[in-house]
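Summary of the model geometry
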Amino acid sequence: MFCSLSRLYRGLSRPTRRTTQLIWGSFSRSLVLSSQRRIPELSSFVARTNTCGELRSSHLGQEVTLCGWIQYRRQNIFLVLRDFHGLVQVIIPQDESAASVKKILCEAPMESVVQVSGTVISRPPGQENPKMPTGEIEIKVKTAKLLNSCKKLPFEIKDFVKKTEALRLRYRYLDLRGVQMQYNLRLRSQMVMKMREYLCNLHGFVDIETPTLFKRTPGGAKEFVIPSREPGKFYSLPQSPQQFKQLLMVGGLDRYFQVARCYRDEGSRPDRQPEFTQIDIEMSFVEQTGIQSLIEGLLQYSWPSDRDPVVVPFPSMTFAEALASYGTDKPDTRFGMKIVDISDMFRNTEVGFLQDALSKPQGTIKAICIPEGEKYLKRKDIESIRKFAADHFNQEVLPIFLKTNNNWNSPVAKFIMEEQGLGLIRLLETQEEDVVLLTAGEHKKACSLLGKLRLECADLLEARGVVLRDPALFSFLWVVDFPLFFPKEENPEELETAHHPFTAPHPSDIHHLYTEPQKVRSQHYDLVLNGSEIGGGSIRIHDAELQHYILATVLKEDVKLLSHLLQALEYGAPPHGGIAIGLDRLMCLVTGAPSIRDVIAFPKSFQGHDLMSNAPDSIPPEELKPYHIQVSWPTDSETKKSSLNHPCHPES
């Protein structure tokens, strides 16, 4: 009887793997923000008496008025009405006296908006639906009103119906009606509310809005430029409220936070948008451990009740340890396959390319073990791995199969097994069907390559049924002790800041700053969740002289751009530090969504376009005149070159 509705329950998006029943049930539970608060009045001030999702056997006999969308209709006998709270079955009257009601409810197209009034009654014995929270009751309709008819839809409003992302973004207002999007956005709202409660009510933070129109900041990502009516002068949209929150500390606000909108003029990725939201925090008189404890408590307090509780404190790892063991500064610690340094085993090897690697500065030999790789990896996978290493890292990767009779082993791999097979097995703790991936070269490059291959191999194994990364597990990790500076890629003799120029040096390394600045560690810290960076912050420089030295002498930046901040630091700036949590990325991981676009109401496409409204759009020349600018149109060849070079070409 409910075959279509059952498909709806089965058809949620991949990541959550929960039924509609669980989502509606979870949402109902989430309406209670804490055990001390009463359930919100969801039907106050509006034309309904109840929501579709709240009615139960306890409401039997009550006269109710409901408003919602027609989700499903069967044989003109009943329909399913949906609102933001859930679904309820409505019985269409069949007697002649209610012909007008029947006409409205039978002729209205799917997704039309109706208002119905009637009595809550029990479903006939045997017709209860345990998959619906309202499955024990139905509505015997007395009156009905068509509030708005729906024309032919570009796609069905059902999560199991596959739609391209471009189509979803073009008709975002329809896509938002889906159960999964409703769940994602409402859970986001609940978590933000809990964060506000924790920060403001429990720890005395002040919620302060900072300007959106600002000025260009040296370094960092590209900024959006906004013209002003003064000739040749422009605003910039801030990448973050970084300078403002430091100035608030100078101003004595002591504890600041903001749900901040931020902007970066760079291509979108699954975990990045040109405009995004972060939970922005700054405190005076704080050290790194204080910030970390605050964030651990914040996440523990705001964490959804239907997930496993957050366990604190989070483990911590240095940048150097993360690179050496995982090949990245944002390691996914839900599974092993760690990088192992096997250089010492091959100090006296006769294998040429291993000898060459060890003879060079920072030369190492590294390896990872792929569990049961011989069973699950195909020859084409091995070829793809080797090609990736050659194309992207200019490195050789040598696969070693531990079974001596495996004919996939190259002559070099066979020689290594004969020379050091037992040592490899002992050091990597391998089993018979495991595969070892070995590479040799400069430490950072070799680790980065194996870090990429570790994730790639995890994807391959999971695609073939091996469970490595539990989707229900949330593995938090602090990464600390980052370098303060990195050599510039285009000119390694010059330095650039690893994060931003306001990060304080590590107290133990301050003596290196004036002689060997590349050796200085920073007081920066990143928060990583399941291999994604969800937050980053630092203790700031509060000394004007030190800040000026780093900007002018080390980074060779124009200090005039930051004269306001440097001046403020001279007027009794307190020690301070902070952090920003990427709200979009956090919610993407919490909900299990494949992209942050699934946790944002109106996101941009891969190329930063709003496909619904066609933004960005052109402006007539006469409207540009007050800003003293004009458009210089590129030639056809320049347009084509720009499109091909775009980091996200083609459009999603």
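Residues numbered from 1 in each chain as written. Predicted model: local features only at pLDDT ≥ 70, side-chain atom pairs only at ≥ 80, totals over all residues. Heavy atoms only, no water.

Per an unreviewed UniProt entry, the recorded name for the chain is Aspartate--tRNA ligase, mitochondrial, and the organism is Neophocaena asiaeorientalis asiaeorientalis. Regarding the chain, the UniProt comment filed under Sequence similarities (unreviewed entry) reads as follows: "Belongs to the class-II aminoacyl-tRNA synthetase family. Type 1 subfamily." Comment text from UniProt for the chain, heading Function (unreviewed entry), reads "Catalyzes the attachment of aspartate to tRNA(Asp) in a two-step reaction: aspartate is first activated by ATP to form Asp-AMP and then transferred to the acceptor end of tRNA(Asp)." (UniProt positions renumbered as here; feature names shortened; annotations may be inferred.)

1. Brief notes about the pairing of strand S1 (residues 63-74)
Relative to strand S4 (residues 113-122), S1 is paired through seven bridges, and the arrangement is antiparallel. Within S4, the residue paired with Trp69 across the bridge is Val113. (Pairing = 2+ DSSP bridges. Helix = DSSP H or I, 4+ residues; strand = E, 2+ residues; numbered from the N terminus.)

2. Re the state of the cysteines
Counted under the stated rule, the structure contains zero disulfides. Cys262 takes part in no disulfide bond, and the closest cysteine sulfur, belonging to Cys588, lies 18 Å away. Sulfur of Cys369: no disulfide; nearest cysteine sulfur belongs to Cys457 and is 11 Å away. Accessibility expressed as a relative area gives 12% for Cys369, which makes it buried. (Disulfide = S-S within 2.5 Å. Buried < 20%, exposed > 50% of the residue type's maximum accessible area, 1.4 Å probe, protein only.)

3. Quick word on the sheet that holds S4
The five strands lie next to each other as S1-S2-S3-S5-S4, forming a closed barrel whose pairing is mixed. Within this sheet the neighbouring strands show an average axis-to-axis angle of 55 degrees, counted without direction. In this sheet, strand S3 (residues 86-91) lies alongside strand S2 (residues 78-83) in antiparallel orientation, the contact comprising six bridges. Its bridge partner being in S3, Leu81 is matched across the sheet by Val88. Packing of helix H3 (residues 99-107) onto the sheet brings it into contact with S1, S2, S4 and strand S5 (137-148), and relative to S5 it is tilted by some 75 degrees. (Axes fitted to C-alpha atoms, helices over the stretch in contact; angles between N-to-C directions. Contact = heavy atoms within 4.5 Å.)

4. Some details on the domain arrangement of the chain
By the assigned domains, the chain splits into domain 1 (57-148), domain 2 (197-316 + 475-599) and domain 3 (335-463). Centre-to-centre separation of domain 2 and domain 3, based on C-alpha positions: 37 Å. (Domains from an automatic or database assignment.)

5. A short note on the pattern of salt bridges
Evaluated as defined, the whole model comprises 35 salt bridges. A salt bridge links Arg188 to Asp584; its shortest N-O distance comes to 2.8 Å. Taken together, the residues span a long stretch of sequence, with Arg188 in helix H6 (residues 179-203) and Asp584 in helix H17 (residues 583-591) at a distance of 396 residues. Given the relative accessible area of 13%, Arg188 is considered buried. Looking at Asp584, the relative accessible area reads 4%, which means it is buried. Notably, a salt bridge pairs Arg255 with Asp254, separated by 3.8 Å at the nearest N-O pair. The exposure class of Arg255 is partly exposed, given its relative accessible area of 28%. (Salt bridge = Lys/Arg side-chain N within 4 Å of Asp/Glu carboxyl O.)

6. As for the sheet that holds strand S9 (residues 255-263)
With respect to topology, eight strands assemble into an open sheet ordered S6-S9-S10-S21-S20-S19-S16-S11, the strand pairing being mixed. The sheet is open, and its two borders are formed by strand S6 (206-207) and strand S11 (316-318), each paired with just one other strand. Sheet topology note: the strand S16 (residues 476-480)/strand S19 (residues 524-529) ladder contains five bridges and is antiparallel. Its bridge partner being in S19, Val479 is matched across the sheet by Asp526. Running over the sheet, H6 touches S6, S9 and strand S10 (275-284) and is turned about 150 degrees from S9. In the packing of helix H7 (residues 242-250) onto the sheet, contacts are made with S9, S10 and strand S21 (576-582), and the angle to S10 comes to roughly 20 degrees.

7. Overview of H17
Here H17 lies mainly inside the structure; eight of its nine residues are buried. Among the residues of H17, Leu583, Asp584, Arg585, Leu586, Met587, Cys588, Val590 and Thr591 are the ones counted as buried. Just past H17, the residue Gly592 takes up positive phi, approximately 75 degrees.

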